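# A look at the structure
Here is how the chains run, residue by residue.
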2 protein chains.
Amino acid sequence: MRDVSIIGIGQTPVGEHWDKSLRHLAYDALAAAMRDASVTKVDALYVGNMLSGEISGQAHLGALVADFAGLRGIEAVKVEAACASAAAAFRLGLMGVASGFQTVVAVVGVEKMTDDVGSKVTAGLASASDADYESIHGVTFPSLNALIMRRYMHEYQVTKEAFANFSVNAHANGANNPNAMLQRAISKETFMRGGAVADPITLFDASPMADGAAAVIICPTEMAAEFSAQSIRVAASALATDTLSVHDRKDPLWLQAAADSARLAYQQAGIGPAEVDFFELHDAFTIMSALSLEACGFAERGQGTRLAEEGQIALNGQIPICTQGGLKARGHPVGATGTYQIVEAVQQLRGQAGKNQVAEAVWGMTQNIGGSGATIVTHILTNDAE
Amino acid sequence: MRDVSIIGIGQTPVGEHWDKSLRHLAYDALAAAMRDASVTKVDALYVGNMLSGEISGQAHLGALVADFAGLRGIEAVKVEAACASAAAAFRLGLMGVASGFQTVVAVVGVEKMTDDVGSKVTAGLASASDADYESIHGVTFPSLNALIMRRYMHEYQVTKEAFANFSVNAHANGANNPNAMLQRAISKETFMRGGAVADPITLFDASPMADGAAAVIICPTEMAAEFSAQSIRVAASALATDTLSVHDRKDPLWLQAAADSARLAYQQAGIGPAEVDFFELHDAFTIMSALSLEACGFAERGQGTRLAEEGQIALNGQIPICTQGGLKARGHPVGATGTYQIVEAVQQLRGQAGKNQVAEAVWGMTQNIGGSGATIVTHILTNDAE
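In this text, all values refer to a predicted model and were calculated from it rather than measured experimentally.

## Description of the overall build of chain A
Scanning chain A from terminus to terminus reveals 14 helices and 11 strands. A globule of 386 residues ought to have a C-alpha radius of gyration of about 21 Å, and chain A, at 19 Å, matches this closely. The burial tally for chain A puts 69% of its 386 residues in the buried class. Expressed as a percentage of contacts within chain A between residues at least 6 apart in sequence, the contacts between residues at least 24 apart total 78%. Distance between charge centroids for chain A: 3 Å, based on 26 positive and 40 negative side chains.

Have a look at this one:
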């Protein structure tokens, strides 16, 4: 198996793109990544997307995006794992290069959610949960996360206020990210005044729906220097699953698939949580930030919110998270979020994160979650040569 | 890169399964394949599916099927490439094993089309074409194929009758396949009396929508004997793409992605069309059979129908096709068809094809097509030890 490195990154701003279709968004990100990697062709394209069939009446994005991006004829497929689609696509691209089936590979995550004639997006998102046992009863993702958050507050005697800093931190970082959907800082008071979404979740606990695309170009590590002076090695990649239904889990407050994929990733990279310099986690809701930090070894159970309260998740803290705004402020174009996280981690490891730069970052971890934790994909990237 | 072999196969009957949901169909095929391979666990699951989100309100099939099949926690993703989804999933499973990321892998194609409240299936299938330039005008797959078939008849001065034997052959083979949806032979006269679907396509040119699932277990060739005395080596795997829109192609009568993927597959296997003992092609419509045979080197351009007329596609002919009934008679559960083809090829190469056995078959080719030729996946399998 060969080592794989990232040699190019690209992204569109996250927001409401009324003037661009799915294919245009994917093209913009892909073309930027190819320019960044100084490549004019690739051997294969992996597209991460969740909802194009439901919302845009367009399946078959592999061939569509390949053709529209000037890559007609190449191998191209779409990968879907709910909101973890893009990181899953990235992992399959890695397999393509590692196996020798392909040499230079493009991965793009793309989602268009706001051009939603007929309000299909809520039903579409609910399709990530169990259609026969969850969504048929009207359960949506905000309500599932609300159940989990309420249980957490009860079990660990944590107040709503304890979650504030997850949102405040994300917005503070988003304010300095020109590609973020919500480029403004918020105060703890603003967080507490947020309108109800699904009690106890209020406005500033929840990430916004958005349009966007983010792309990555990868190749064997041994060839990376031919393309880029700033290549970033993929030190670990792992994907694990859990039950789709929250009620099927032994403990709804434990993200088993996060723990499993993180354990595998730490083994592959030869590091532990103490060596991770920043963590792009999947803060679809603030409760998910707490649970991710706990499952991945950054906090004891029930102590995830304390990390936020103590400011340890800030850029200069013990474990900076959501360094470019996270899902909360950068925005959450669901099937694209996984590649946004990887692009942002590469920015950090190249020292190109601007005002949000984490000092001397060497190891970056990303974690993309599908559903309420049923698919979790963890990657560790590094600028360390070996 | 390590060689990969198939050590287990399983399938459900193809038909209208009112009593089984998506997850039950997938489980039935998967459990049969695991029993066949004598394995009780696998490292990863690749699910091929096209329409579960649109028709069943259920995305996220990787985690769902893994959990329901007793494989909770393993790596699992869904792959979509329109009607080529299952063969694309199989190819990604190959990459997983070849790369060393995984050792024993399951691939299942599954589709449930007939439990279609609200007639979403025609719109869902149309999402494989270009939403902005084809389906928005009301174009469906029968009508696209009708345009291509009419052009073929005009260009090569071929009559409707010339296509009859594709259907007659498929039905003759389907009559002996206990898993086929349409287990009855038809005559040329029956073919000619078929009601209009989209002129010149009539009933017996078109494959039926269906429910079904087919699964395959693979592992490194060097380990295959531990699991199966009848393992089948995957000698070649290739995926190529073309424009989604038929009107964007230089020549609508040439399946460029079939030619490209077949050329790569022949190279990998070290054989040519003359060595292929049978060919499980993608006869969604009879015209596709003619175009596949031509693009893959079995007939000159415009001569595909002649192969049928001369009986060369029969079980004892020069190039037997659709040996278990093909899409036409076995049925076409779109996102599962690719693994049905592979399962049927393995049956032939093991000598387990019953009354449909092709004598002394050593090399079998399968070809799964997405859209009207935008994604084409070609595999070559063999029982030859090296």
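Additional details are given in the paragraphs that follow.
## Quick notes on the pattern of salt bridges
Throughout the structure, instances matching the rule amount to 30 salt bridges over all chains. Note that A:Lys20 and A:Asp28 form a salt bridge whose closest N and O atoms lie 2.8 Å from each other. Take A:Asp28: its relative accessible area is 27%, and that puts it in the partly exposed class. In this structure, B:Glu344 and B:Arg330 form a salt bridge, with 2.7 Å as the shortest nitrogen-oxygen distance. In this pair, B:Glu344 is assigned in helix α14 (residues 337-350) and B:Arg330 in helix α13 (residues 326-330), connecting sequence segments 14 residues apart. You'll find B:Glu344 and B:Arg330 in the same group, each marked buried.

## Remarks on helix α6 (residues 141-156) of chain A
Residue and element names in this part refer to chain A. Between the first and last C-alpha of α6 there are 22 Å, a value that for 16 residues agrees with the 22 Å anticipated at 1.5 Å per step. If you check which residues of α6 are buried, you get Phe 141, Leu 144, Asn 145, Ala 146, Ile 148, Met 149, Tyr 152 and Met 153. In this structure, the buried residues of α6 make contact with α5 (121-126), β5 (196-198), β6 (201-202), α11 (286-295) and α12 (304-309). Phi turns positive, to about 55°, at Gln 157, one or two residues after α6.

## Re the interface of chain A and chain B
Counting residues at the interface gives 57 residues for chain A and 57 residues for chain B. When chain A packs against chain B, close to 4300 Å² is buried across both sides, 56% of that on carbon and sulfur atoms. Inspection of the chain A/chain B interface yields 6 salt bridges. Between A:Glu75 and B:Arg91 there is a salt bridge; the shortest N-O distance is 2.6 Å. Counting the contacts that link chain A with chain B gives 26 residue pairs in polar contact (both at pLDDT 80 or more). Of all the secondary structure elements, the ones that give two or more residues to the side of chain A that touches chain B are α2 (52-56), α3 (61-68), β3 (75-80), α4 (85-99) and β8 (232-241) of chain A. For the side of chain A that touches chain B, the leading source of residues is α4(A), giving 8 residues. A class-by-class count of the residues in the side of chain A that touches chain B yields 27 nonpolar, 18 polar and 12 charged. Pairing analysis gives 3 bridges linking β3(A) to strand β3 (residues 75-80) of chain B, with the strands arranged antiparallel. Bridge pairing links A:Val79 to B:Val79 in β3(B).

## Comments concerning the relation of the copies chain A and chain B
Overlay of chain A on chain B (RMSD 0.0 Å): rotation 180°, translation along the axis 0.0 Å. Within this description, the copies of the chain are treated as partners about a two-fold rotation axis. Across chain A, the rotation axis passes nearest the C-alpha of A:Ser99, at a separation of 1.8 Å. Taken together, the interface assignments show that 100% of the residues at the interface of chain A recur at the interface of chain B, consistent with an identical surface on both copies.

## Here we look at the pairing of strand β2 (residues 44-48) of chain B
Where a strand is regular, its side chains alternate between the two sheet faces. Residue and element names in this part refer to chain B. Burial of β2 is extensive: 5 of the 5 residues sit out of reach of the surface. Burial of β2 is two-sided: the residues Ala 44, Tyr 46 and Gly 48 facing one way and the residues Leu 45 and Val 47 facing the other way are all buried. One ladder, built from 5 bridges, connects β2 with β3; its direction is parallel. Residue Gly 48 lies in a different strand from β3, and its bridge partner there is Val 79.

## With respect to helix α14 (residues 337-350) of chain A
The end-to-end C-alpha distance of α14(A), which contains 14 residues, comes to 20 Å, matching closely the 20 Å that a straight helix rising 1.5 Å per residue would cover. Two residues or fewer after α14(A) comes A:Gly351, characterised by a positive phi angle close to 75°.

## Re the packing of helix α6 (residues 141-156) of chain B against helix α11 (residues 286-295) of chain B
Any two packed helices are characterised by the angle at which their axes cross and by the distance between the axes. Residues and elements named next belong to chain B. At a closest axis distance of 9 Å, the pairing of α6 and α11 adopts a crossing angle of 60°. If you check the angle between α6 and α11, you find them oblique. For the element pair α6 and α11, the recorded crossing hand is left-handed. Facing Asn 145, Ile 148, Met 149 and Tyr 152 of α6, the residues of α11 in contact are Thr 286, Ile 287, Met 288, Ala 290, Leu 291 and Glu 294. Split into classes, the residues belonging to the contact of α6 with α11 amount to 7 nonpolar, 2 polar and 1 charged.

## A look at the packing of helix α1 (residues 22-37) of chain A against α3(A)
Residues and elements named next belong to chain A. Between α1 and α3, whose axes approach to 9 Å, the crossing angle comes to 60°. Relative to α3, α1 is oriented oblique. The handedness of the crossing between α1 and α3 comes out as right-handed. Facing α1, whose interface residues are Leu 22, Arg 23, His 24, Ala 26, Tyr 27 and Leu 30, α3 presents Leu 61, Leu 64, Val 65 and Phe 68. Grouping the constituent residues of the contact of α1 with α3 by class yields 8 nonpolar, 1 polar and 1 charged.

## Things to note about the confidence of the model for chain A
Here chain A averages 97 in pLDDT, while 99% of its residues score no lower than 70. Interface confidence for the predicted complex, given as ipTM, is 0.97, next to a pTM of 0.98.

Conventions and cut-offs
- Residues numbered from 1 in each chain as written.
- Chains lettered and ligands numbered in written order.
- Predicted model: local features only at pLDDT ≥ 70, side-chain atom pairs only at ≥ 80, totals over all residues.
- Heavy atoms only, no water.
- Helix = DSSP H or I, 4+ residues; strand = E, 2+ residues; numbered from the N terminus.
- Rg over C-alpha atoms; globule rule 2.2 N^0.38 Å.
- Buried < 20%, exposed > 50% of the residue type's maximum accessible area, 1.4 Å probe, protein only.
- Contact = heavy atoms within 4.5 Å.
- Lys, Arg positive; Asp, Glu negative; His and termini not counted.
- Charge placed at Lys NZ, Arg CZ, Asp CG, Glu CD.
- Salt bridge = Lys/Arg side-chain N within 4 Å of Asp/Glu carboxyl O.
- Expected span 1.5 Å × (residues − 1).
- Buried area = accessible area lost by both parts, 1.4 Å probe.
- Polar contact = N/O pair within 3.5 Å; in protein donor to acceptor, adjacent residues only side chain to side chain.
- Nonpolar A, V, L, I, M, F, W, Y, C, P; charged D, E, K, R; others polar.
- Pairing = 2+ DSSP bridges.
- Least-squares fit on C-alpha atoms with pLDDT ≥ 70 in both.
- Axes fitted to C-alpha atoms, helices over the stretch in contact; angles between N-to-C directions.
- Parallel < 35°, antiparallel > 145°, perpendicular 65-115°, else oblique.
- Left-handed = near helix turned anticlockwise from the far one by under 90°.
- pLDDT = per-residue confidence, 0-100.

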